[in-house]
Amino acid sequence: MIYKNLVSSIIKCLKQLMEQDNLAADARESLEVSIQCLESAYGVQGSDANENFDILSIYKTQQCNNTPFEATPDAKAEAERLKNEGNALMKNEKYHEALANYSKAIELDSQNAVYYCNRAAVYSKIGNHHHAIKDCNTALEFDPSYSKAYGRLGLAYTSLNKYKEAKENYRKALELEPDNESLKNNLQIAEEKLIQNSNESALDGHAPSNNSNMDLSSLLSNPALMNMARQMLSDPTMQNMMSNLMSGNVEQGGRMDALIEAGQQLAQQMQSANPDLIDSLRRQMGRNPNEAESSEK
């Protein structure tokens, strides 16, 4: 019975296709033969089909849902009105109402990048950053040069602590708006967060073990390391030694030995002051702390 219902619905669909005026004669003949074969094989007619199961209507609905459509002028006008109303709701911090307005605007005009980008702003406000990312990407599909969509992608990724992705999108936005100070500030924040995370990973012993991967700029900007170096160099003994080296009071043959001695003393003082930091730095440079200590001895 199930198959007969399906076949009768197919026959009904084929008969609907035959009613099209632009159908060629040979195509119409082929459809007639197909209908006769199905009716003979299964003993059914198109009229036997379930009225609530129309294959052609189901297909058309599915296509409309999956394929962007060009909105009519009236639909575009109404969508723009809804968008403007949504903007006003956003200013009054009525985010869920604004979300509903932007969604209705998208239903009326599904190819307008602005509506997706505006809805992404609402999603960011209510903390739904993954939906914000999805809407921004949809907006960029319709308008690849939409700088605001890149900027809002950067904001969403920043909120998710994905600073690498945030940095990439802020850069793309700045390429389109090179004079936008807000984008410049946001890019700087993302870059600083990347450096901060790198430093924290180094202190936790999670930095890359390969020396070629070491980020020297991050190492030198490590606040704990720089503070320790300043303390060491403020030591009178170390200052005196460095002063002699710089002033030339040490004979030529002894300068290298004095420089090595100064380095050793600085390393020993730093090791004594903060052994955990030094071990972390050694791991960052791809060295085992115990092996490094034995080699120094």
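Analysis parameters
- Residues numbered from 1 in each chain as written.
- Predicted model: local features only at pLDDT ≥ 70, side-chain atom pairs only at ≥ 80, totals over all residues.
- Heavy atoms only, no water.
- Salt bridge = Lys/Arg side-chain N within 4 Å of Asp/Glu carboxyl O.
- Helix = DSSP H or I, 4+ residues; strand = E, 2+ residues; numbered from the N terminus.
- Buried < 20%, exposed > 50% of the residue type's maximum accessible area, 1.4 Å probe, protein only.
- UniProt positions renumbered as here; feature names shortened; annotations may be inferred.
- Core = buried A, V, L, I, M, F, W, Y, C linked by side-chain atoms within 4.5 Å.

Draft legend 1. Inspection of the pattern of salt bridges at higher detail. Applying the stated rule across the entire model yields 7 salt bridges. A salt bridge links R81 to E78, with the nearest nitrogen and oxygen atoms 2.8 Å apart. Taken together, the positions of R81 and E78, both in helix α4 (residues 73-91) and 3 residues apart, correspond to about one turn of that helix. Measuring nitrogen to oxygen at the nearest pair gives 3.6 Å for the salt bridge that ties R171 to E191. Of the two residues, R171 is situated in helix α9 (residues 163-176) and E191 in helix α10 (residues 181-203); the sequence distance between them amounts to 20 residues. Residue classification places R171 among the partly exposed positions, given a relative accessible area of 43%. Looking at E191, the relative accessible area reads 27%, which means it is partly exposed. Each member of the salt-bridge network shares a partner with another, and the members are E78, R81 and E85.

Draft legend 2. View of the UniProt feature "repeat: TPR" (unreviewed entry) in the chain. Summarizing the sequence annotation, UniProt attributes the feature "repeat: TPR" (unreviewed entry) to residues 79-112, 113-146 and 147-180 in the numbering used throughout. The distance separating the terminal C-alpha atoms of residues 79-112 is 9 Å; by composition the span is 79% helix and 0% strand. Taken end to end, residues 113-146 is 79% helix and 0% strand, and its two terminal C-alpha atoms sit 8 Å from one another.

Draft legend 3. View of the nonpolar core. Residues M90, V122, A139 and Y146 are the most contacted members of the largest nonpolar core, which totals 36 residues. The set of elements that each furnish at least two residues to this core consists of α4, α5 (95-108), α6 (113-125), α7 (129-142), α8 (147-159), α9 and α10. Tallying contributions element by element places α6 first for this core, with 8 residues. Membership of the second largest hydrophobic core comes to 7 residues, among which are V7, L14, I35 and V44.

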